[in-house]
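# Observations on the three-dimensional arrangement
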Amino acid sequence: MKNSEIRSLSESEIVERLAAEKENLTKLRFAHAISPIENPNKIKEVKRNVARLKTALTEKKIAK
């Protein structure tokens, strides 16, 4: 997910995506702990998406 895509979302959509990404990250971590996942870089990518979403959400709240 690119920054331009995230910034075009509304505040409520960002919150929904953030919850979904956090859940996805948890599932990936558990799957990786049980047996190594095929692409461990996917965890890094999801963590960055969570950070991007949090940053965009903070920016929207400050702009209000």
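The structure displayed is predicted, hence computed values, not measured ones.

### Digging into the overall build of the protein
Each helix and strand in the protein was counted, giving three helices and zero strands. Helices and strands in the protein line up, N terminus first, as α-α-α. Along the first, second and third principal axes, the C-alpha set of the protein runs to 45 × 15 × 15 Å. Considering the protein as a whole, with its 64 residues, one finds that 23% of them fall into the buried category.

### Observations concerning the pattern of salt bridges
As enumerated under the stated definition, the model contains four salt bridges in all. Salt-bridge contacts for Lys-27 lead to Glu-23; the nearest nitrogen and oxygen are separated by 3.3 Å. Of this pair, Lys-27 and Glu-23 both sit in helix α2 (residues 11-34), four residues apart, which is roughly one turn of the helix. On the basis of relative accessibility, which here comes to 53%, the residue Lys-27 falls in the exposed class. Exposure remark for Glu-23: the relative accessible area of 48% places this residue in the partly exposed category.

### Comments concerning the side chain of Asn-49
Checked against the element boundaries, Asn-49 lands in helix α3 (residues 41-63). Excluding its chain neighbours within four sequence positions, the residues that come into contact with Asn-49 are Met-1 and Glu-21.

Calculation criteria
- Residues numbered from 1 in each chain as written.
- Predicted model: local features only at pLDDT ≥ 70, side-chain atom pairs only at ≥ 80, totals over all residues.
- Heavy atoms only, no water.
- Helix = DSSP H or I, 4+ residues; strand = E, 2+ residues; numbered from the N terminus.
- Buried < 20%, exposed > 50% of the residue type's maximum accessible area, 1.4 Å probe, protein only.
- Salt bridge = Lys/Arg side-chain N within 4 Å of Asp/Glu carboxyl O.
- Contact = heavy atoms within 4.5 Å.

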